[in-house]
Amino acid sequence: MKDLIQKAAEALLQSRHAIALTGAGISTESGIPDFRGPDGLWTKNPEAERMAYESYFKFQKNPREYWIERLTGPSILGDLEKAAPNPGHLALAELEQMEILKCVITQNIDNLHQKAGSKKVLDYHGNMSLLRCYSCDARFDPRQFDLERLFREDRLPPLCPRCNGVLKSDIVHFHEAIPMDVADQSQEEALKCDLMLICGTSATVFPFALLPRMARQRSLGQGTMIIEINAGPTPLTQEKISDFLIQGRTGEILPLIVQEVRKSWSKNRH
Ligand SMILES: [Zn+2]
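Residues numbered from 1 in each chain as written. Predicted model: local features only at pLDDT ≥ 70, side-chain atom pairs only at ≥ 80, totals over all residues. Heavy atoms only, no water.

Turning our eyes to something else, we now look at the sheet that holds strand S6 (residues 167-169). The strand order across the open sheet formed by 3 strands is S5-S4-S6, and the pairing between neighbours is antiparallel. Only two strands of the sheet have a single neighbouring strand rather than two, namely strand S5 (139-140) and S6. With 3 bridges joining them, strand S4 (residues 131-133) and S6 adopt antiparallel strand pairing. The partner of arginine 132 across the bridge, within S6, is lysine 168. Its contacts with the sheet place helix H5 (residues 63-72) against S4 and S6, and it is angled at close to 40° to S6. (Pairing = 2+ DSSP bridges. Helix = DSSP H or I, 4+ residues; strand = E, 2+ residues; numbered from the N terminus. Contact = heavy atoms within 4.5 Å. Axes fitted to C-alpha atoms, helices over the stretch in contact; angles between N-to-C directions.)

Pasting the structure below:
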């Protein structure tokens, strides 16, 4: 495994445009349950899953009711806002500070990459800390709106300050399309990168799952390297989409890689 960590560090140092794809695996180490695992949110609470499936239809049918439910109902995501980034998130943020990593594309909605200091983050499935306009896709900090007051005065849903469209949570609900800007930029990054780190995701949920496959197809013969850091082999390993797998927890492996990168990086700088 030491060899593979060394190999990953060298590839990062040689890369021109490295990006990272992340999924639930990087967040479970911050105490955030996944959805479908043995302790998953849905596994333990099927009713919450049913509600989540209906959120988008509810929003489309009656945004006011969607908002009333959000403000008064039980929170499915619970204490997620209190979660803190772990060494895996911090390692990716450090790689960006070194100007090696150019972008993180995450399936997680927990905002932990941003909390860790990453600047260029594409929230593929949205960000729970933001609201998004259904018409123009602009994102807003919910604190900009006095939601409790809008509720008391029966003036929900909140409206977009730019285009007067209806606002929803930025989270991409079941049945909802990936916001166009994020989908486009993610595809662009996947086609541009010469190194892709896949961290804590088996990338089986579409359309996210297309990103590593696009990078692999484009890169045939061009030397794009795809490195997986996952708890075990995934379809990406089996289908030979990744060049190699470093098996383990992202919170342990990523800091080891960054430690190796740092050695050569500071040598080159001074
Ligand atoms: Zn708008």
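After that view, the rundown keeps rolling.
Note on the zinc ion: its protein donors are Cys133 (SG), Cys136 (SG), Cys160 (SG) and Cys163 (SG). The metal-donor distances range over 2.3 to 2.4 Å. Taken together, the 4 donor atoms coordinating the zinc ion span angles of 99 to 117° at the metal, a pattern that classifies the geometry as tetrahedral. Taking relative accessible area as the criterion, cysteine 163 reaches 36% and is therefore assigned partly exposed. (Donors = N, O, S within 2.8 Å, 3.2 Å for Na, K, Ca; no water. Tetrahedral: all angles 85-135°; square planar, octahedral: opposite > 155°, others 65-115°. Buried < 20%, exposed > 50% of the residue type's maximum accessible area, 1.4 Å probe, protein only.)

Here the focus is the sheet that holds strand S1 (residues 18-22). Pairing in this open sheet of 6 strands is parallel, and the strands run S3-S2-S1-S7-S8-S9 from one edge to the other. Looking at which strands have only one partner, the edges of the open sheet turn out to be strand S3 (121-123) and strand S9 (244-247). Along the sheet, successive strands turn relative to each other by an average axial angle of 20°, direction set aside. Examined bridge by bridge, strand S8 (residues 225-230) and S9 share 4 bridges and lie parallel to one another. Across the sheet, the residue bridging to isoleucine 229 is isoleucine 246, located in S9. Along the sheet, helix H6 (residues 87-97) contacts S1, strand S2 (101-106) and strand S7 (195-199); its crossing angle with S2, the most-contacted strand, is approximately 145°.

The end-to-end C-alpha distance of helix H1 (residues 2-14), which contains 13 residues, comes to 19 Å, matching closely the 18 Å that a straight helix rising 1.5 Å per residue would cover. Of all the positions in H1, only Ile5, Ala8, Ala9, Ala11 and Leu12 are classed as buried. For H1, the angular spread of buried residues about the axis comes to 160°, placing them on one side. Across from the buried face of H1, at angles greater than 90 degrees, the exposed residues are Lys2, Asp3 and Gln14. (Expected span 1.5 Å × (residues − 1). Arc of directions from axis to C-beta.)

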